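Analysis of the macromolecular model
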Amino acid sequence: MRILVIEDEVKLAQAIKRALELQKYAVDIVHDGAEGLDLAVGEKPDLILLDIMLPGMDGIAVCRELRAQNVLTPILMLTARGQITDKVTGLDVGADDYMVKPFSFEELFARIRALIRRPATSTDPVLKISDLVLDPKSLSVQRANKEIQLSAKEFALLHYLMRNQNTVLTKEHLVQHVWDYDADILPSTVEVHIKHLRDKIDTPYATPLIHTVRGFGYKMTVK
Ligand code: CA
């Protein structure tokens, strides 16, 4: 899961990035609206945290422009305490939710989880494929009722694969959605992480769930 944070308060943006990374999200930060708009359109993050008061193009204008371009990524707007007019305007121009600063990270995580699963086909936040179960809330993974320990990146990769099961995903697509925009990730890095993941969730079991689609990428499915 990849989150774009558009926030001109550098310290706050960095604190949000660190907190979200601990929750296994990949996070990009930008400090002005126009750059944020470019990244939101070009990189297709899974969620956008959008401050309203930004230099140059403000958050309301960014949100309106994204929706005008038919970018439907969930948008959680951030603003200073008590700016009710901003709230109304933000929701009017297509934001999905709204938080008043200062907010707790626990509340931020809860709102993000709610927004990210909103467009999913299932309302159940726990993902399952065959006897493999991933719980995004407790960050736990089990196969055949046995707990499996994954690194943060393995967890993020598996979460993304499971959210897109039965879909062929290219390595480039996985780099875009599971790693940071800034990270200089090669497709071979994806191969290494897929191997580690397979060693843990597939190799010890009779039915492999991660399949290589030659010349394209990977698909998570029960064959
Ligand atoms: Ca601001």
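Read across the sheet, 4 strands follow the order E6-E7-E8-E9 without closing on themselves; strand pairing throughout is antiparallel. Strands with a single pairing partner mark the edges of an open sheet, and in this sheet they are strand E6 (127-129) and strand E9 (146-148). Taken pair by pair, the neighbouring strands of this sheet meet at an average axis angle of 25°, ignoring direction. Inspection of the sheet shows strand E8 (residues 140-143) paired to E9 by 3 bridges, in the antiparallel sense. Pairing of Val141 across the sheet is with Ile148, part of E9. The sheet contacts of helix H6 (residues 152-163) involve E6, strand E7 (132-135) and E8, and relative to E7 the element is tilted by about 110°.

Two pairing modes exist for strands in a sheet, parallel and antiparallel, and in both the strands are linked by backbone hydrogen bonds. As summarised here, the arrangement of the 5 strands in space is E2-E1-E3-E4-E5, forming an open sheet in which the pairing is parallel. The open sheet has two edge strands with one neighbour each: strand E2 (26-30) and strand E5 (97-100). Sheet twist, expressed as the mean angle between neighbouring strand axes with direction ignored, is 20°. Inspection of the sheet shows strand E3 (residues 47-51) paired to strand E4 (residues 75-79) by 4 bridges, in the parallel sense. By the bridge assignment, Ile48 is partnered in E4 with Ile75. Sheet contacts for helix H3 (residues 59-68): strand E1 (2-6), E3 and E4; angle to E4, the most-contacted strand, approximately 170°.

Another point: the coordination of the calcium ion. Taken together, the protein donors to the calcium ion comprise Asp8 (OD), Asp51 (OD) and Met53 (O), at separations of 2.0 to 2.3 Å. Look at where the donors of the calcium ion fall in the sequence and you get D-x42-D-x1-M. Here Asp51 lies in strand E3 and Asp8 lies in the loop between E1 and helix H1 (10-22), a separation of 43 residues in the sequence.

Rules used throughout
- Residues numbered from 1 in each chain as written.
- Predicted model: local features only at pLDDT ≥ 70, side-chain atom pairs only at ≥ 80, totals over all residues.
- Heavy atoms only, no water.
- Pairing = 2+ DSSP bridges.
- Helix = DSSP H or I, 4+ residues; strand = E, 2+ residues; numbered from the N terminus.
- Axes fitted to C-alpha atoms, helices over the stretch in contact; angles between N-to-C directions.
- Contact = heavy atoms within 4.5 Å.
- Donors = N, O, S within 2.8 Å, 3.2 Å for Na, K, Ca; no water.

Treat this as a map of the structure, not an account of what it does.
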